[in-house]
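Here is what each chain is made of, one letter per residue.
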2 protein chains.
Amino acid sequence: MTKSAPRTRIQEKNRSTILEAGLDVFSQFGFRGSTVDQIAEAAGLSKPNLLYYFPSKEAIYLELLNSLLDTWLDPLRALNDDGKALPEILDYVRRKLAMARDFPRESRLFAGEILQGAPRIEDALKGDLKTLVDEKAEVIRHWIAAGKIKEVDPYHLIFSIWALTQHYADFDTQVRAVLGGQDPFPGAEHYLEQLFTSLLKP
Amino acid sequence: MTKSAPRTRIQEKNRSTILEAGLDVFSQFGFRGSTVDQIAEAAGLSKPNLLYYFPSKEAIYLELLNSLLDTWLDPLRALNDDGKALPEILDYVRRKLAMARDFPRESRLFAGEILQGAPRIEDALKGDLKTLVDEKAEVIRHWIAAGKIKEVDPYHLIFSIWALTQHYADFDTQVRAVLGGQDPFPGAEHYLEQLFTSLLKP
DNA sequence: GCTTGATTTGACCAAGTGGTCAAAGGCACG
DNA sequence: CGTGCCTTTGACCACTTGGTCAAATCAAGC
């Protein structure tokens, strides 16, 4: 299952340059809206040279999508039964909001893919993602049963965290237009803490 | 500014057929991902025939976008100082969620446009939309000052309503994958009522 | 049936697209 | 230096795409 690793120093460099450029372009224009020339230009390579490192436009896109899927779910994986319930959830919200702030391109790439029906990651959604969410929903249910947080639907709780945090990356243009260009994140963090605290504090 | 109205019965019918087909296709594949042939096929017309009613692919897209922008904000316009604060806001949430359920294509069309930086509606966002939101934020501030709801940032409150409701349309694929195909809307409505009630009830 | 304007279409085109290929350049190592 | 391999590129190709156009068809009033 492991991709044959790049051999030379230069391969490693060029492959990562291409992926970086691909993320830039794909996140802005979507898969069909992006052209190989655009990506090549952004990467500072000629088109045939780019296609020397990746067999096709789709291969770049897929590699981005799959490697992202992993890291994107890390904050949720870190949600553990260990600590206290509410702080644990608030931490998750903060981590997720930080990702929206620091990795908006990644967020948008995903959003675009899912918006179009997630044709390339349907399996991952119904498989790994569902499994992970089911597992964490169970953790939340325990917290509720133990009276540590108020009773809410665990699935919709998770959806709401995703929706609220990713909104600031995916709809950044709209948010900033309404706020007159002001940075939304400090306000967002405070608001979300308030929101989930009042929702969950027993 | 008014578009020259269609004259004959058949023009009216064909134009609306095309817009309907355009909504179908554009909402699924985005502007660049959609082809004129696709839209023509969906409308049951030949490509040159379609281009007899609209001058270009972009014209269809723009007409959809602009006419949508209007109706899409109606629920927010209906938010009035009249009634009691909390029920008024909960009504807004319910109306917005109903739109996500009943008009997911419209929601996705917008989401796609904004995701790509809203190049075609930037002015509307910074103009009409900002004005409307500023106005309603003021209403919310009055409610807070009068002690009718808890103190929250009015802008982020509005963003959160948008994010939470539209998520169920825009990320439908993901939501249903995680829920195993189950209809998310009944659960969502209950959860959102609970969420905003606990956030806002004084 | 005839005329006139609205409607429809097959054939076509120029530009853009993803991708190929043979040949040329570069580079490390004997 | 020379040899073998990695890297880069200009030229090219098949196909798709948005859009045009002249000619054909249709519909309604006379």
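As a reminder, the structure under discussion sits directly above these lines.
In short, a report on the structure. Everything numeric in this text was worked out from a predicted model, so none of it was measured.

Re the overall build of chain A
The helix and strand tally for chain A stands at 10 helices and 0 strands. What you see in chain A, going N to C, is helices and strands ordered as α-α-α-α-α-α-α-α-α-α. C-alpha atoms of chain A, sized along the principal axes, occupy 60 × 45 × 30 Å. Buried positions account for 51% of the 202 residues belonging to chain A. Of the contacts formed within chain A by residues at least 6 apart in sequence, a portion of 68% connects residues at least 24 apart. Entry remark: accessible area of chain A is about 9400 Å², with carbon and sulfur atoms responsible for 51%. If you average the places of the 25 positive and of the 29 negative side-chain charges in chain A, the two averages end up 2 Å apart.

Points about the protein's contact with DNA strand D
Taken together, 18 residues lie around DNA strand D, and Thr8, Ile10, Gln11 and Tyr53 of chain A together with Val36 of chain B are the ones closest in. For DNA strand D, the fraction of atoms within 4 Å of the protein that belong to sugar or phosphate moieties is 56%. At 3.2 Å, a side-chain N or O of asparagine 14 of chain A approaches a phosphate oxygen of DNA strand D. Side-chain polar atom of arginine 32 of chain A to a phosphate oxygen of DNA strand D: 3.4 Å apart, as the coordinates give it. If you list the elements that add at least two residues to the surface near DNA strand D, you get α1 (9-33) and α3 (47-53) of chain A together with α3 (47-53) of chain B. Across the surface near DNA strand D, the residue classes break down as 7 nonpolar, 8 polar and 3 charged.

Here's the deal with the protein's contact with DNA strand C
What surrounds DNA strand C is a group of 18 residues, the closest being Lys57 of chain A together with Thr8, Ile10, Gln11 and Tyr53 of chain B. When atoms of DNA strand C within 4 Å of the protein are split into backbone and base, the sugar-phosphate part holds 57%. Between a phosphate oxygen of DNA strand C and a side-chain N or O atom of arginine 32 of chain B, the distance comes to 3.4 Å. Note that a sugar or linking oxygen of DNA strand C is positioned 3.2 Å from one of the side-chain N or O atoms of asparagine 49 of chain B. Counting residues per element, the ones that place at least two in the surface near DNA strand C are α3 of chain A together with α1 (9-33) and α3 of chain B. Residues that form the surface near DNA strand C fall into these classes: 7 nonpolar, 8 polar and 3 charged.

Some points on the packing of helix α4 (residues 57-77) of chain B against helix α5 (residues 85-102) of chain B
Residues and elements named next belong to chain B. The N-to-C vectors of α4 and α5 enclose an angle of 160 degrees; their axes lie 9 Å apart at closest approach. Between α4 and α5, the interaxial angle falls into the category roughly antiparallel. Contacts between α4 and α5 involve Thr71, Trp72, Pro75 and Leu76 on the former and, on the latter, Tyr92, Arg95, Lys96 and Met99. Residues belonging to the contact of α4 with α5 are distributed by class as follows: 5 nonpolar, 1 polar and 2 charged.

Section: the interface of chain A and chain B
Between chain A and chain B, the contact holds 53 residues from the first and 53 residues from the second. A per-residue breakdown of the area chain A buries against chain B is headed by Leu115, Val178 and Tyr191 of chain A, which together make up 16% of the total. Here chain A is connected to chain B by 0 salt bridges. The interface formed by chain A and chain B holds 13 residue pairs in polar contact (both at pLDDT 80 or more) in total. It is helix α8 (residues 154-170) of chain A that contributes the most residues to the side of chain A that touches chain B, 12 residues altogether.

A look at the relation of the copies chain A and chain B
Overlaying chain A with chain B gives an RMSD of 0.0 Å, the required rotation being 180 degrees about an axis along which the chain moves by 0.0 Å. This pairing of chains is accounted for by a two-fold axis. Of the interface residues in chain A, 100% have counterparts in chain B that sit at the interface too, so the contact is made through matching surfaces.

Here we look at the packing of aromatic side chains
Per the counting criterion, the structure on display carries 16 aromatic pairs over all chains. With a centroid separation of 5.9 Å and an interplanar angle of 50 degrees, the aromatic rings of phenylalanine 159 of chain A and tryptophan 162 of chain A are classed as tilted. Linking phenylalanine 159 of chain A with tryptophan 162 of chain A, this pair stays in helix α8, spanning 3 residues, or about one helical turn. In this structure, phenylalanine 159 of chain A and tryptophan 162 of chain A share a single accessibility class: buried. Relative to tyrosine 53 of chain B, the ring of tyrosine 52 of chain B has its centre 5.0 Å away and its plane inclined at 80 degrees; by these criteria the two rings are edge-to-face. Tyrosine 52 of chain B gets classed as exposed once you look at its relative accessible area, which sits at 59%. Through a chain of ring-to-ring contacts, three or more aromatic side chains come together here, namely Phe159 and Trp162 of chain A together with Tyr168 and Phe185 of chain B. Over the aromatic face of phenylalanine 31 of chain A sits the side chain of arginine 120 of chain A, whose NZ or CZ is 4.2 Å from the ring centroid.

Examining unusual backbone geometry
Peptide bonds are, in most cases, trans, and in most cases residues other than glycine have a negative phi. Backbone geometry at alanine 118 of chain A places phi at a positive 50 degrees, although glycine is not the residue there. Summarising the element assignment, alanine 118 of chain A is placed in the loop between α6 (104-115) and α7 (122-145).

Here we look at the environment of tyrosine 168 of chain A
Tracing the backbone shows tyrosine 168 of chain A in helix α8. It is 7.5 Å that separates the C-alpha atoms of tyrosine 168 of chain A and arginine 101 of chain A, two residues lying 67 residues apart in sequence. Apart from the residues lying within four places of it in its own chain, the contact partners of tyrosine 168 of chain A are Leu97, Val175, Pro184, Phe185 and Ala188 of chain A together with His156 and Phe159 of chain B.

Details of α4 of chain B
Residue and element names in this part refer to chain B. The end-to-end C-alpha separation of α4 is 31 Å, in line with the 30 Å expected for 21 residues at 1.5 Å each. Along its length, α4 reaches its greatest deviation from straightness, about 25 degrees, at leucine 68. All of the buried residues along α4 are Lys57, Ala59, Ile60, Tyr61, Leu64, Leu65, Leu68, Leu69, Trp72, Leu73, Pro75 and Leu76.

Some points on α1 of chain B
Across its 25 residues, α1 of chain B extends only 31 Å between first and last C-alpha, which sits more than 12% below the 36 Å expected from 1.5 Å per residue. Serine 27 of chain B marks where α1 of chain B bends most, by close to 85 degrees. Listed as buried for α1 of chain B are Asn14, Arg15, Ile18, Leu19, Ala21, Gly22, Leu23, Val25, Phe26, Ser27, Phe31 and Gly33 of chain B. On its buried face, α1 of chain B sits against α1 of chain A together with α2 (36-43), α3, α4 and α6 (104-115) of chain B.

Cut-offs and rules
- Residues numbered from 1 in each chain as written.
- Chains lettered and ligands numbered in written order.
- Predicted model: local features only at pLDDT ≥ 70, side-chain atom pairs only at ≥ 80, totals over all residues.
- Heavy atoms only, no water.
- Helix = DSSP H or I, 4+ residues; strand = E, 2+ residues; numbered from the N terminus.
- Buried < 20%, exposed > 50% of the residue type's maximum accessible area, 1.4 Å probe, protein only.
- Contact = heavy atoms within 4.5 Å.
- Areas by Shrake-Rupley, 256 points an atom, 1.4 Å probe, with all protein chains shown as cover.
- Lys, Arg positive; Asp, Glu negative; His and termini not counted.
- Charge placed at Lys NZ, Arg CZ, Asp CG, Glu CD.
- Near = heavy atom within 4 Å.
- Polar contact = N/O pair within 3.5 Å; in protein donor to acceptor, adjacent residues only side chain to side chain.
- Nonpolar A, V, L, I, M, F, W, Y, C, P; charged D, E, K, R; others polar.
- Axes fitted to C-alpha atoms, helices over the stretch in contact; angles between N-to-C directions.
- Parallel < 35°, antiparallel > 145°, perpendicular 65-115°, else oblique.
- Buried area = accessible area lost by both parts, 1.4 Å probe.
- Salt bridge = Lys/Arg side-chain N within 4 Å of Asp/Glu carboxyl O.
- Least-squares fit on C-alpha atoms with pLDDT ≥ 70 in both.
- Phe/Tyr/Trp six-rings, centres within 6.5 Å; stacked < 30°, edge-to-face > 60°.
- Lys NZ or Arg CZ within 6 Å of the ring centre and 35° of its normal.
- Expected span 1.5 Å × (residues − 1).
- Bend = angle between axes of the 7 residues up to and from the residue.

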